[in-house]
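# Reading the structure
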Amino acid sequence: MKTLAARTRTRGQAEKAGLGALQLVRPRPVRGFHPSTLDASRGHAALTTALMLVLGGSCIGLSTFLPAGPFDARSVGTIRLLSLTAVLAGLLAALLRSRFNRMSHHLLLLLASGLILASVVAAGSASAALPMASLFIVVTLHAFYLLPARQAVIYPAISLVLGGWALWSNPGVGASQLWIRSGVGASVAFIAWWLVRGAAAAEQDHLTKLPNRRGFERLLGEQMLRHAANGQLCVGLLDLASAGRNPASYGGTEGRENFVRAVDRWRRSLPASIVLAHLGGSEFALLAPRRSTEQVAAMLAKVNRTEAPNMVCTAGLTMLEAPEGSEDILRRAGGALHLARRAGHGEIRSHALAYASVTNVRRSLERDEFSIVYQPIVDVRTTTVVGAEALVRWNHGLRGSIAPSEFIPQAELEGSIEELGRWIMHQAVKEAAAWDAGEDAGRQRYVSVNVSGRELRDPGYTTMVLGALQRYRLPPSRLRLEVLESEYGAASETFRSTVRELKGAGVRIAVDDFGVGYSSLDRITSVQADILKIDRSFIAGIGHEDDTAPLPATIIALGRSLLLDVVAEGVETVQQAEWLKRRRCYFAQGFLYSQPARAADFAEICARIEAGV
């Protein structure tokens, strides 16, 4: 939570000039938020109401048994019956608290008011009626605690009008007593309203009338308690802004009014059960009870299409996983938002549950839930298998098969990629060394392993890789390391040093998914990459041998000019293979040759490919 708060404060300071005098704008209030406990913690609110009834009924009922009490003999039976009714209603409310809604609280508060009125009428004397009438104060405070002020004001009105009438019906109640009691009741109602108003102001953004950071944190905590058992709570962090427009450009009265109207349209486009909060600047947060990340992502994408280009959100979503704190779920939502920002404006990314944590990854490794499959890399000139790319698979005990595109980014965010990467490296090297046995002896096929920039920034990564090669007696020249192009753009000195050490030992380095990242050419050449791998999205557009396909053709020409090998991914047709061969891209992988296969089947797959079967 502190990290999120610090980031928003820094961003808010940068935007201060544009969003400074926001109090000049008076937008209409946005529905969906009230600082009452009932909005997010119905079970706790129901217990509070039940406690009020049980304690109030018990106190009044027990007072009828006190010696020299204020009640006369004729009213004691009625008072005890009313007290018992209040206690039973409270116990029933406690049992049914999970089904409570706002109307349920209205009914109980009306019941409590009716019981108090009946008790005051039945009291028969001023000395008995006045103490019981004071219970209206408890109902008033409770109403303002649970309900919006416009609804809660009903109960002090009942107290003043009907309660005053009930008191007046008792002998001995004078005008002065009635006046004092009415003044106290009105004062309590006003103070309760003022406190609720102050609480609302403290938890509400004065520009958009949405919950602010404080209000969001309270609502998040209450929703997490409510959904701890079922995990049915989606939490999101959003960047809400126009494409290419800095939030500071909303300066001036007109700009701020446009901003408010755009946010208001956004809020009204979402279901009423979803809470949208304004954290500051262009940063918003979202709570969606009983909805999955897929459902929320579809909603946001729909609103994006409607509002573009006026106001589009870039969002990171995640689901609650118990037991965890608010900092954990916000950290994961923030990680998903980071991925969405990297993908581009208007993108929405989901962070899966914390199944990819260090502990869970270690447990899955112990249970052999991870495995590696190999996709052959073929020389298109001779259809000879020269190597294979190692691809990790996760058959999770509870979630079933999880796609690498889902769990690898989450493992990087959770910090478990290092341990998973060590296992992948050792397993791939071990199984590649076994390819030298039997009929494949002497073929010297290499294995290509995907690694993250985070792993290459680990000072001990070189030692781990060379140790695996030595342990399983695989020559370094038969290992390729594939690194995403985007990682080269953020290469640190440790990253470059690790690459140099591995290359010095004989390991070759490949730039994976080349053409879809954003690194500069000089950074790629500075780490002395050996191989360019063309992303499958470029190959998919090649329909026939004479297709111009300028982008992959340019990448091939670039690779040749830099004296790099070029490997095409995602080759699925003979026409694509012939197109590559004509343009002197001699290495390819894809379903045309084989789907990824287990190590035990790799030799058979290679024989089939080379036999042209």
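All of the points below concern the structure found in this document. Bear in mind that the values here come from a model prediction, so they are computed numbers and not experimental data.

From N to C terminus, the chain includes 25 helices and 15 strands. By the burial criterion, 50% of the 613 residues in the chain qualify as buried. Pairs at least 24 apart in sequence give 72% of the contacts found in the chain among residues at least 6 apart. Working note: accessible area of the chain is about 28,200 Å², and carbon and sulfur atoms make up 57% of it.

As a further point, take the pattern of salt bridges. In total, this model carries 18 salt bridges according to the counting rule given. Arg500 serves as the salt-bridge partner of Glu493, at 2.9 Å between the closest nitrogen and oxygen. Here Arg500 falls in the partly exposed class, since its relative accessible area comes to 42%. In this structure, Asp565 engages Arg508 in a salt bridge whose closest nitrogen and oxygen atoms are separated by 3.2 Å. Here Asp565, found in strand β13 (residues 565–568), pairs with Arg508, found in strand β11 (residues 508–514); they are 57 residues apart in sequence, far enough to count as distant. We classify Asp565 as partly exposed; its relative accessible area is 29%. Overall, Arg508 belongs to the partly exposed group, its relative accessible area being 25%. Taken together, the shared-partner salt bridges connect Glu389, Glu482, Lys533 and Glu569 into one network.

If you trace the backbone, Thr318 turns up in strand β4 (residues 312–319). When its relative accessible area of 0% is taken as the criterion, Thr318 is described as buried. A sequence separation of 25 residues divides Thr318 from Thr293, and the C-alpha atoms of the two residues are 6.2 Å apart. At 2.4 Å, the side chain of Thr318 and the side chain of Arg332 are in polar contact.

Here the focus is the pairing of strand β2 (residues 275–280). By the criterion of burial, β2 is predominantly enclosed, with five of the six residues buried. Relative to strand β3 (residues 283–289), β2 runs antiparallel, the two sharing five bridges. Paired with Val275 across the bridge in β3 is Leu287.

Moving on, we get to the pairing of β11. Of all the seven residues making up β11, six are buried; the element is thus mostly covered by neighbouring parts of the structure. As judged from the five bridges shared by strand β10 (residues 479–484) and β11, these two strands associate in the parallel manner. Of the residues in β11, the one forming a bridge with Leu481 is Ile509. Here three bridges tie β11 to strand β12 (residues 531–534), and the two strands are oriented parallel to one another. Within β12, the position partnered with Val511 by the bridge is Leu532.

Another aspect to go through is the sheet that holds strand β1 (residues 233–241). Strand order in the open sheet formed by five strands is β2-β3-β1-β4-β5, with mixed pairing between adjacent strands. Looking at strand neighbours, the two that pair on one side only are β2 and β5 (348–351), the edges of this open sheet. Each strand of the sheet is rotated relative to its neighbour by a mean of 20°, with strand direction disregarded. Docked against the sheet, helix α10 (residues 213–226) engages β1, β2 and β3, running at close to 25° with respect to β3. Contacts from helix α13 (residues 326–343) reach β1, β3, β4 and β5 within the one sheet, and its direction differs from that of β4 by about 140°.

To continue, consider helix α8 (residues 154–168). Its 15 residues give α8 an end-to-end C-alpha distance of 21 Å, which sits within 8% of 21 Å, the value for a rise of 1.5 Å per residue. The axis of α8 is deflected most strongly, by about 30°, at Leu162. Every buried residue belonging to α8 is among Tyr155, Pro156, Ile158, Ser159, Gly163, Gly164, Ala166 and Leu167, and all of these are buried.

Packed helix pairs are characterised by how far apart their axes lie and by the angle those axes make with each other. Orientation of helix α3 (residues 73–95) relative to helix α4 (residues 102–123), taken along the N-to-C sense of each, is 170°, at an axis distance of 9 Å. In terms of orientation, α3 lies roughly antiparallel with respect to α4. Across from Ser75, Thr78, Ile79, Leu82, Thr85, Ala86, Ala89 and Ala93 in α3, the residues of α4 making contact are Leu108, Leu111, Leu115, Ala118, Ser119, Ala122 and Ala123. Considering only residue class, the contact of α3 with α4 consists of eleven nonpolar, four polar and no charged.

For helix α20 (residues 493–505), built from 13 residues, the straight-helix expectation of 18 Å at 1.5 Å per residue is met to within 8% by its first-to-last C-alpha distance of 18 Å. Taken together, the buried positions of α20 are occupied by Phe495, Thr498, Val499 and Leu502. The arc that holds every buried residue of α20, seen down its axis, measures 100°, which confines them to one face. The positive-phi residue at the C-terminal boundary of α20 is Gly506, with phi of around 115°.

Right, let's get into the nonpolar core. Looking at soluble globular proteins, one finds that nonpolar side chains tend to be buried together. Membership of the largest hydrophobic core comes to 66 residues, with the highest contact counts inside it found for Met425, Val447, Val449 and Leu481. In terms of residue count, the dominant contributor to this core is helix α16 (residues 417–434) (seven residues). Contact partners of Leu481, with chain neighbours within four places excluded, come to Met425, Val449, Val451, Tyr461, Leu502, Val507, Arg508, Ile509 and Ala510.

Within the secondary structure layout, Glu414 lies in helix α15 (residues 404–414). Taking the relative accessible area as the measure of exposure, Glu414 reaches 14% and is therefore buried. In the structure, Glu414 is positioned 83 residues away from Arg331 in sequence and 9.5 Å away in space, judged by C-alpha atoms.

Rules and cut-offs
Residues numbered from 1 in each chain as written. Predicted model: local features only at pLDDT ≥ 70, side-chain atom pairs only at ≥ 80, totals over all residues. Heavy atoms only, no water. Helix = DSSP H or I, 4+ residues; strand = E, 2+ residues; numbered from the N terminus. Buried < 20%, exposed > 50% of the residue type's maximum accessible area, 1.4 Å probe, protein only. Contact = heavy atoms within 4.5 Å. Areas by Shrake-Rupley, 256 points an atom, 1.4 Å probe, with all protein chains shown as cover. Salt bridge = Lys/Arg side-chain N within 4 Å of Asp/Glu carboxyl O. Polar contact = N/O pair within 3.5 Å; in protein donor to acceptor, adjacent residues only side chain to side chain. Pairing = 2+ DSSP bridges. Axes fitted to C-alpha atoms, helices over the stretch in contact; angles between N-to-C directions. Expected span 1.5 Å × (residues − 1). Bend = angle between axes of the 7 residues up to and from the residue. Parallel < 35°, antiparallel > 145°, perpendicular 65-115°, else oblique. Nonpolar A, V, L, I, M, F, W, Y, C, P; charged D, E, K, R; others polar. Arc of directions from axis to C-beta. Core = buried A, V, L, I, M, F, W, Y, C linked by side-chain atoms within 4.5 Å.

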